[in-house]
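Notes for the structure review
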Amino acid sequence: MAGAVTASAGRRRPAAIPPSAGRLLRTAALALGAAVAVPLAVLFSVWAAPQTEVWEHLAATVLPGLVRNTLVLLAGVGAGTLLLGGGLAWLTARCDFPGRRWLDVGLMLPLALPAYVLAFVVQGTLDAAGPLQSALRAHFGPAAPGFEVRGTGWVVAILTLAFYPYVYLLARQAFLALGRGTLEAARLLGLGPWGTFFRVALPAARPAIVAGLSLALMETLADFGAVSVLGYDTFTTAIYKAWFGLFNLPAAAQLASLLLLFVALALFGERRLRGRARFHETARGAPPPRLRLTGARGWAAAAAAFAVVAAGFVVPTAQLVHWAWATASAELDARYLSLLWRTLLLGGSAALVTVAGALVVSLARRQFADAPTRAAVGLAALGYALPGSVLAVGVMMCFAAVDNGLNALWQMAGGQRLGPVLGGSIAALLLAYLVRFLAVAAGPTGSALERLRPSTVEAARSLGARGADLLRRVYFPLLRPGLLTAALLVLIEVMKEMPATLLLRPFGWDTLAVRVFEFTSEGDWRRAALPAVTLVLAGLPPVAWLARRTTAHADGD
Amino acid sequence: MPDTLLKLDDIACRYDALLAVDGVSLALRRGEIGCLLGPSGCGKTTVLRVVAGFEPLARGAVRLEGREIATPAGGLPPDQRGVGMVFQDYALFPHLRAVENVAFGLREGSRRDRRRTAAALLDLVGLGGMAERYPHELSGGQQQRVALARALAPRPRLVLFDEPFSNLDVDLRERLGLDVRRLLKAQGIAAVFVTHDQHEAFLLGDRIGVMREGRLLQWDSAFALYHQPADRFVADFVGQGRLVPGLLRAPDTVETPLGLIRGNVAYHWAPGSRVDLLLRPDDVVPDPAGPVEGEVVARAFKGAETLYTLRLADGTEVLCEVPSRLDHPVGASLRVRADVDHLIAFPH
């Protein structure tokens, strides 16, 4: 009959699925929670039997540098994205100046450019051997002042340019959501324009700004491609060297668990700074009027915003297209096409698995309120915070343990040693993608499910629909747009993902991002351009989607 | 009764430890409109969902046309009950046009036939021109009409309405309510409405049930609920009034702060027992020669009448409705007498 009815805190929960399916759903949700928890647990288990020799060597030589570099990066990129993202958000959301509408969208574009692409284009363009310095030398002779694109300043600048959009997007939403009433009430209570900004607008936007900042810092901690192009040692590069250079997985795990401490610190910091404040849409009715910047002030604002768009997207993309065009005749071959096909295949499979996982998590969150399910759902949502390299090490260690067990069993049964079964298989990579991008897919999937209100399903049933008919006529058409969006987002994230793919890919499963890494590590910027341009093109649709969605309500003045 | 359509026999529903519905029995005749009235959380919506087939029973049975459709052991799935439902949030399918929403439950005939039937139903609810619109392109009242047409389309014997007008403006509520009632009566379709608004219940229902904490306190006509409430809660919940303390002097006479009140109902409790007497605003009338005087402590202007709250010498408060052309400010005193023909008393 009606099916499972569970109630929590006096609230009726929808009886959307039959009890047997409910049990399956709950088990699947718990498994997804475990998929996040187990690799983490395995990672930390290396401390139970630390390889002291290696560890002491690491601790004595590289560790102090890694910690210092990481802290410097966090501070630098944090301050940079906060100023750039927050300031630009205030300009475009609350002020008006020439070209504002265009620049508003343009400021989101750097999201389509992976940090490692920006890094290699900047280096390839500005470094000693690049076109700029070559031209200078040609003009002024060999005595012309030269510089290298390396070192802390450059890394901070490039990562800031790559990651400020997170702060920009969230802060902009928060500033836009300020109701006219709120700001007018502040003025009536005696605050001037600056007082209104610092005592009302900024505190109201704080949760959003902090959330954006924490996303930017997570990306900074997770970044592998950009820092390795720029020759800057961080935990991610050290993990790569320990694994691929020294073939020492436990040492990589020790480094990974340290990196995880920084991530935990950032997450904890976000919770603390956000306090009890939550996002809430206060905007009802007309938005407050914009501050009109005229004359020189208006042009200065436009110039500042345009400079950021130019440096973060237009110029690097133009350079990329130029290089790609110059090398296309040699590079655009069957090899490239098979690379593209492999990348899409991998991304498509990951999208399928991840969207299924997101569906399970979202359904379970709606359906069950018991502590284990809630914990599993919470854990699954945390996967986005795990840097790809950390995840790769954790997954690899799990699979290696399982492989050892399988081999032992097989040999006990009289068989030959099998070698790795799961480790080095496509399953390891897909699991890593699933954990890392579950939260990406959960957004659109969850909002698709929101459209499927319990009463909608009940209405269909009271009108005689059931079983496959119900799925075909109600569930599928309502969920389809959300699930497609989720799949597309995951596909694009997987295409751009570098460290986990690099560490876990089975032989022959190179992706565009891996190819970019290979070319850039040899300093071959021009040949890296074609795969990089492909990635930028793939990254544009989600940015366009985001821009359309977030600017639709922004122009109420 | 041969023409009984719906019968609930001592049904109970459980959410974990909580009995949301506890021992509700009622019967509805063919074509009759019933209303379940009560404060939020009283279990009225749960009763409706039991009838629809969305909640399992812990006890009792539900019969539709004499056939058992739900017992604690299980029951007929909702898609086979032939019971329509209009949801509080209308629950229109957002991906379907109005006419497609209405046609959703139609099975027989060609696609074109079903569409034509659906269009005719939309005409019937006054939405002829809106057939091709999507739900989000319709106003709340229009969505409500689409939901009604959709529930009526498969020609159910019974339609359930879960707070159908609660999201609408007050004046639209009344108009739509009367429209819906006329439509149901014209088609001879029985209905159960759930509402927390007694005016709505009086407007719509042939029979009204007052529920509290999972129990059905009274299942009766509007007249009986108002004039013969089964208990204090019903007396308090339905209509306005105050309970005043009194002593039973004779089976039909109570001594109160307003003097001896005699009515046409006899209570066979021991003479001298303490009772609470319900006085409605129209039971207390202003009279310069009245036996008691009250001080006006509050007043509410209602157009034709003004409702006064009076405090008597012993502190008892009563309500008194006076034509509004007679104006008494707060603090003034007003002489009144009791004018009751129907005694409503509860043991103290």
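Values in this document were obtained by computation on a predicted structure and should not be read as measured data.

A word on the overall build of chain A. A count of helices and strands for chain A gives 22 helices and four strands. A compact globule built from 557 residues should have a C-alpha radius of gyration of about 24 Å, and chain A, at 25 Å, falls within 12% of that. For chain A, the C-alpha atoms occupy an extent of roughly 80 × 70 × 50 Å along the three principal directions. Taking all 557 residues of chain A together, the buried fraction comes to 43%. Sequence-distant contacts in chain A: of pairs separated by 6 or more residues, those separated by 24 or more amount to 82%.

The next point concerns the overall build of chain B. Helices and strands together make up the secondary structure of chain B, namely eight helices and 21 strands. C-alpha extents for chain B along the principal axes are approximately 75 × 45 × 35 Å. When each of the 348 residues of chain B is scored for burial, the buried share is 42%. Once local pairs closer than 6 in sequence are excluded, the contacts in chain B between residues at least 24 apart make up 64%.

Residues and elements named next belong to chain A. If you check the domain split of chain A, you get domain 1 (1-49 + 332-521) and domain 2 (62-281 + 294-321). Computed from C-alpha atoms alone, the centre-to-centre distance between domain 1 and domain 2 is 29 Å. Between domain 1 and domain 2, the residue contacts involve 19 residues of the former and 25 residues of the latter. Elements supplying a minimum of two residues to the side of domain 1 that touches domain 2: helix 1 (19-45), helix 16 (388-412), helix 20 (499-504) and helix 21 (512-521). The greatest single-element share of the side of domain 1 that touches domain 2, amounting to seven residues, is contributed by helix 16. Looking at the side of domain 1 that touches domain 2 residue by residue, the classes come out as 14 nonpolar, four polar and one charged.

Attention now moves to the pairing of strand 11 (residues 215-220) of chain B. Residues and elements named next belong to chain B. Here five bridges tie strand 10 (residues 207-212) to strand 11, and the two strands are oriented antiparallel to one another. Residue V210 lies in a different strand from strand 11, and its bridge partner there is Q218. Linking strand 10 back to strand 11 in an antiparallel pair, the connection comprises two residues, with E213 at a positive phi of about 45°.

Before going further, it helps to examine the environment of I11 of chain B. All names here are of chain B. Within the fold, I11 resides in strand 1 (residues 4-15). Using a count of 26 C-beta atoms within 10 Å as the deciding quantity, one classes I11 as buried. Each C-alpha atom of the pair I11 and A58 lies 7.4 Å from the other, and the pair is 47 residues apart in sequence. When sequence neighbours within four positions are dropped, the list of residues in contact with I11 reads V21, V24, V50, L57, R59, G60 and V62.

Take the sheet that holds strand 2 (residues 18-29) of chain B next. Across the sheet, five strands lie side by side as 2-1-4-5-6 (chain B); this open sheet has antiparallel pairing. Pairing within the sheet leaves two strands with one partner each, and these edge strands are strand 2 and strand 6 (74-75) of chain B.

At the interface, 20 residues of chain A touch 25 residues of chain B. Every element with two or more residues in the side of chain A that touches chain B is listed here: helix 18 (454-462) and helix 19 (467-496) of chain A. If you tally residues by element for the side of chain A that touches chain B, the top one is helix 18 of chain A, at six residues. Within the side of chain A that touches chain B, the residues separate by chemical class into eleven nonpolar, four polar and five charged.

Mean pLDDT over chain B stands at 91; residues scoring 70 or higher make up 99%. Two summary scores accompany this predicted model of the complex, namely pTM at 0.76 and ipTM at 0.80.

On to the domain arrangement of chain B. Residue and element names in this part refer to chain B. On domain assignment, one finds that chain B holds domain 1 (1-76 + 196-239) and domain 2 (241-347). The C-alpha-based centres of domain 1 and domain 2 are spaced at 33 Å. Contacts between the two partners involve six residues from domain 1, matched on the other side by six residues from domain 2.

Turning our attention to the nonpolar core. Here is a general trend for soluble globular proteins: nonpolar side chains tend to be buried in one another's company. A432 and V490 of chain A are the most contacted members of the largest nonpolar core, which has 163 residues in total. Among the elements that line this core, the one with the most residues is helix 7 (residues 151-177) of chain A, at 18 residues. Taken domain by domain, the makeup of this core includes at least three residues from each of domain 1 (1-49 + 332-521) and domain 2 (62-281 + 294-321) of chain A. Those residues in contact with V490 of chain A that lie beyond four places of it in its chain are A350, A351, T354, V355, F437, V440 and A441 of chain A. The next biggest cluster of nonpolar side chains, apart from the first, holds 111 residues, and it includes V474 of chain A together with V210, L277 and Y308 of chain B.

So, about the environment of A311 of chain A. Residue and element names in this part refer to chain A. With respect to the helices and strands, the residue A311 is situated in helix 13 (residues 295-331). What makes A311 partly exposed here is the crowd of 16 C-beta atoms within 10 Å. C-alpha separation for the pair A311 and A162, spaced 149 residues apart in sequence, amounts to 9.9 Å.

Right, let's get into the packing of helix 14 (residues 334-367) of chain A against helix 19 of chain A. Residues and elements named next belong to chain A. The geometry of helix 14 relative to helix 19 is characterised by a closest axis approach of 8 Å and an angle of 135° between their N-to-C directions. Judged on the interaxial angle alone, helix 19 and helix 14 are oblique. The element helix 14 and its partner helix 19 pack so that their crossing is right-handed. Every residue of helix 19 that contacts helix 14 at T343, L346, G347, G348, A350, A351, T354, V355 and A358 is listed here: L483, A486, A487, V490, L491, V494 and M495. Classifying every residue of the contact of helix 14 with helix 19 by side-chain character gives twelve nonpolar, four polar and no charged.

All names here are of chain B. Strands sit in the order 7-8-9-3-10-11 across an open sheet of six strands; the sheet is mixed. Strands at the two margins of the open sheet, each flanked by one partner only, are strand 7 (83-86) and strand 11. Ignoring strand direction, the axes of neighbouring strands in this sheet form an average angle of 20°. Where strand 3 (residues 33-37) and strand 10 come together, four bridges link them in parallel fashion. Paired with G34 across the bridge in strand 10 is R207. Set on the sheet, helix 4 (residues 140-152) makes contact with strand 7 and strand 8 (158-162); between it and strand 7 the angle comes to about 175°.

Residues and elements named next belong to chain A. Looking at the secondary structure, you find F517 in helix 21. The exposure class of F517 is buried, given the 25 C-beta atoms found within 10 Å. Here the alpha-carbon distance between F517 and T550, two residues 33 residues apart in the chain, equals 33 Å. Not counting residues within four places of it along the chain, the set of residues in contact with F517 comprises G225, M498 and L502.

The subject of this paragraph is the packing of helix 11 (residues 235-245) of chain A against helix 12 (residues 249-274) of chain A. Residues and elements named next belong to chain A. Running from N to C, helix 11 and helix 12 cross one another at 170°; their axes reach a closest spacing of 8 Å. Taken together, the axes of helix 11 and helix 12 are roughly antiparallel relative to one another. On helix 12, the residues that touch F235, A238, I239, A242 and W243 of helix 11 are L249, A251, A252, L255, A256, L258 and L259. Class assignment of the residues belonging to the contact of helix 11 with helix 12 gives a composition of twelve nonpolar, no polar and no charged.

Below, the discussion takes up unusual backbone geometry. Within the chain, F247 of chain A stands out as a residue other than glycine whose phi angle is a positive 50°. Within the element layout of this structure, F247 of chain A appears in the loop between helix 11 and helix 12. By the C-beta count within 10 Å, which is 9 here, F247 of chain A ends up exposed. Notably, E65 of chain B is not glycine yet its phi reads approximately 50°, a positive angle. Here E65 of chain B is to be found in the loop between strand 4 (59-64) and strand 5 (67-71).

Let's shift gears to the confidence of the model for chain A. As a note on interpretation, predicted positions should not be read in detail where pLDDT is low. Taken over all residues, the pLDDT of chain A has a mean of 85, while the share at 70 or more is 93%. Predicted confidence for residues 1-15 of chain A stays below pLDDT 50, and this span has 35 contacts to residues more than four positions away or in other chains.

Quick notes on the rules
- Residues numbered from 1 in each chain as written.
- Chains lettered and ligands numbered in written order.
- Predicted model: local features only at pLDDT ≥ 70, side-chain atom pairs only at ≥ 80, totals over all residues.
- Helix = DSSP H or I, 4+ residues; strand = E, 2+ residues; numbered from the N terminus.
- Rg over C-alpha atoms; globule rule 2.2 N^0.38 Å.
- Buried ≥ 20, exposed ≤ 12 C-beta atoms within 10 Å, placed from the backbone.
- Contact = placed C-beta atoms within 7 Å.
- Domains from an automatic or database assignment.
- Nonpolar A, V, L, I, M, F, W, Y, C, P; charged D, E, K, R; others polar.
- Pairing = 2+ DSSP bridges.
- pLDDT = per-residue confidence, 0-100.
- Core = buried A, V, L, I, M, F, W, Y, C linked by C-beta atoms within 7 Å.
- Axes fitted to C-alpha atoms, helices over the stretch in contact; angles between N-to-C directions.
- Parallel < 35°, antiparallel > 145°, perpendicular 65-115°, else oblique.
- Left-handed = near helix turned anticlockwise from the far one by under 90°.

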